Amino acid sequence: MISYYTDFALGLVLAFLLLSLLVSGVNEGIVRLLGIRSKFLWAYLRDTLDGAEVARRVPVALRVLTGVLDRLKGVGRWLWARLADLLPPSGEGRSRLPATVLGVFAKLPFGRDPRPAFSARPAPVQSPPLAGRPEGGKSLADLLHERLQEIDHSARGRTNIAQIPPARFAVALMEIATDMGGVERLMRELDTLRSPLYRPLKAVWDRASHDIEAFRNGVADWFDGEMQRLTMLYRRYVRWVIAVLSLLVTALFGMDSLEYGKSLLNDSAYRSSVAAFAQSGAEALAPLKERCASAEDTYSCVTDVLSTPAFAQIFTHAPVTVEMGAAAAGPSWSWQGGDWWSRVASPSHWPGFLITLFALLFGAPFWWDVFRRITGIRSRVSTPDK
């Protein structure tokens, strides 16, 4: 009896682990394809270095929509907050980072790309002036990218930098300040342009007592703290994506955890009956016939069930299934869209789907740790004590 429940636990954990790995793989593929990490970083950098995204000309439709929502008062403010990421920026400006769930799925992946254009040239000897002067210039984010582009590579014509070491950020900022005549001159420029970077830089500069080395270390520490906060924000947004992907994977495979758990227990009992049949002979054949079709040969049925355990059956409820036949025939594909839809639409399976969805939200690392603890597999990562 204990082995039955051990098989049950291992089967559930292994199924959740494989499906969680599938969710993580799909998420990583989407992130790499759309450049989400680098877009997220440069959206933050442009907000912090250059200020909010401001529309030069507010569209007439946006002004009309703003007037309509203002008349709706409380409901209008609620709608505006939900649709803010999907509407053009107003004259007051807005953050380039998503602020709503809709923004996570629409603004960052498919909105205006905040990343600088890729350049194969090395860093310039002298930086141009900051944007905002009458003679023109570049934004501070673009100047920063010029100091980092030697380690960059193109991603559809845009930078692919998704991580900046705090020490390198501090050095790049010091290089820009040197080109402009010193830290004091840079901060006056930032104050004139109303850059959000002015206040943290001034605080670091005052705390460093105008010491250049202490200022550089202080900027590195400040940027390191900002990257930690940004990582937490990114993970919070990724949770929504993981939840949607987990829902899609659960629905695609029709993974009913309650039904699957019952199949695991029945599978173990069935295999015990097969073993008893091998020892007792024909008198043990009667219970096995209940699992086989009336016109099907019992021995063929037993062989088929033994070759397709309950674990393999979790992937047989998808709209498209494949069966491996003889070596000469090869795999055979079949469409089961009707059966899949009737299964997904059946309320009797919804509690099992909900359990699967909740389990996948824990992620592959959690289920790998549970699987490792049950099986006794030791991690190869050595601890400091060892």
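Each remark here, short or long, concerns the structure printed above.
Rules used throughout
- Residues numbered from 1 in each chain as written.
- Predicted model: local features only at pLDDT ≥ 70, side-chain atom pairs only at ≥ 80, totals over all residues.
- Heavy atoms only, no water.
- 1 Å grid on protein atoms, 1.4 Å probe; cavity = no way out; pocket = protein on both sides within 12 Å on 5 of 7 lines; lining within 4 Å.
- Points joined across faces, edges and corners; volume = space filled by probe spheres on them.
- Helix = DSSP H or I, 4+ residues; strand = E, 2+ residues; numbered from the N terminus.
- Nonpolar A, V, L, I, M, F, W, Y, C, P; charged D, E, K, R; others polar.
- Core = buried A, V, L, I, M, F, W, Y, C linked by side-chain atoms within 4.5 Å.
- Buried < 20%, exposed > 50% of the residue type's maximum accessible area, 1.4 Å probe, protein only.
- Contact = heavy atoms within 4.5 Å.
- Phe/Tyr/Trp six-rings, centres within 6.5 Å; stacked < 30°, edge-to-face > 60°.
- Arc of directions from axis to C-beta.

This paragraph deals with the layout of surface pockets. Its volume calculated, the largest pocket comes out at about 940 Å³. Contributing to the lining of the largest pocket are 34 residues, with Ala52, Glu53, Val54, Arg96 and Arg112 lying nearest its centre. Breaking the lining of the largest pocket down by element, the ones donating at least two residues are α2 (36-49), α6 (107-110) and α7 (140-148). Among the elements that line the lining of the largest pocket, the one with the most residues is α2, at three residues. Classifying every residue of the lining of the largest pocket gives 15 nonpolar, four polar and 15 charged.

This paragraph deals with the nonpolar core. Within the largest apolar cluster, 71 residues are counted, with the highest numbers of intra-cluster contacts made by Leu45, Leu144, Ile164, Phe169 and Phe215. In this structure, Ile164 is in contact with Leu41, Leu45, Leu144, Leu148, Phe169 and Phe223, ignoring residues within four places of it in sequence.

Within this structure, the stated rule accounts for 13 aromatic pairs. On the numbers, 6.3 Å between centres and 45° between planes, the contact of Phe169 with Trp222 is tilted. With Phe169 in helix α8 (residues 166-179) and Trp222 in helix α11 (residues 212-253), this residue pair connects regions lying 53 residues apart in the sequence. No difference in accessibility class separates Phe169 from Trp222, as the two residues are buried.

Turning to helix α16 (residues 350-360), a few remarks are in order. Among the residues of α16, those classed as buried are Gly352, Phe353, Thr356, Leu357, Ala359 and Leu360. All buried residues of α16 project into a common sector of 165° when viewed along the axis, lining one side. Facing away from the buried surface of α16 by more than 90 degrees, the exposed residues are Leu354 and Phe358.

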